[in-house]
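Tertiary structure, described
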Amino acid sequence: MHCRTTKTGFKVGSCMGDVKQAELFETRERGSFIKILMELNITKPILSGINVGSKKDGICWVDFQYERLPQCCYSCGMWDDWS
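Residues numbered from 1 in each chain as written. Predicted model: local features only at pLDDT ≥ 70, side-chain atom pairs only at ≥ 80, totals over all residues. Heavy atoms only, no water.

Checked against the element boundaries, glycine 13 lands in helix 1 (residues 6-13). We classify glycine 13 as buried; its relative accessible area is 2%. The spacing of glycine 13 and leucine 24 is eleven residues in sequence and 13 Å in space, taken between C-alpha atoms. The residues touching glycine 13, leaving out its near neighbours within four places in the chain, are Val19, Ile36 and Met38. (Helix = DSSP H or I, 4+ residues; strand = E, 2+ residues; numbered from the N terminus. Buried < 20%, exposed > 50% of the residue type's maximum accessible area, 1.4 Å probe, protein only. Contact = heavy atoms within 4.5 Å.)

This is how it looks when you write it as structure tokens:
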């Protein structure tokens, strides 16, 4: 996908919190992806992903995968709900 750049990583990440770093990676197993280091506001639910693009170019869903987070409810995205 031509839009996988560090600039895109900063733009997508900024919808969730303060982006510290964005890097582009490519592996055989996962293909290309952007890894974003950021600070999250834990009073807000985490997102499972977002729609990116435009009506002109097309809109697609981008899944988020998280690393090194404390336990949270992945159904509602809140930190204090363990259901």
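Picking up after the structure, the text goes on.
Ranked by size, the top nonpolar core spans seven residues in total: Val12, Met16, Val19, Met38, Ile50, Val52 and Phe64. With residues up to four places along the chain from it excluded, the contact list for valine 19 reads Phe10, Gly13, Ser14, Ile36, Leu37 and Met38. (Core = buried A, V, L, I, M, F, W, Y, C linked by side-chain atoms within 4.5 Å.)

What follows is about the pairing of strand 1 (residues 17-27). Two strands pair when backbone bridges link them, and strand 1 and strand 2 (residues 31-40) are joined in this way by ten bridges, in the antiparallel orientation. Across the sheet, aspartate 18 pairs through a bridge with glutamate 39, a residue of strand 2. The antiparallel pairing of strand 1 with strand 2 creates a hairpin that spans three residues between the two strands. (Pairing = 2+ DSSP bridges.)

Let us look at helix 1. When we look at burial in helix 1, the residues that qualify are Gly9, Val12 and Gly13. Seen from one end, helix 1 has its buried residues packed into an arc of 95°, which puts them on one side. Helix 1 presents Lys7 and Lys11 as exposed residues on the side facing more than 90 degrees away from its buried surface. Elements that come into contact with the buried residues of helix 1 comprise strand 1, strand 2 and strand 3 (49-54). (Arc of directions from axis to C-beta.)

Let us look at the pattern of salt bridges. Counting across every chain of the model gives three salt bridges. The salt bridge partner of aspartate 18 is lysine 20, with a shortest N-O separation of 2.8 Å. Owing to a relative accessible area of 41%, aspartate 18 belongs among the partly exposed residues under this scheme. Each member of the salt-bridge network shares a partner with another, and the members are Asp18, Lys20 and Glu39. (Salt bridge = Lys/Arg side-chain N within 4 Å of Asp/Glu carboxyl O.)

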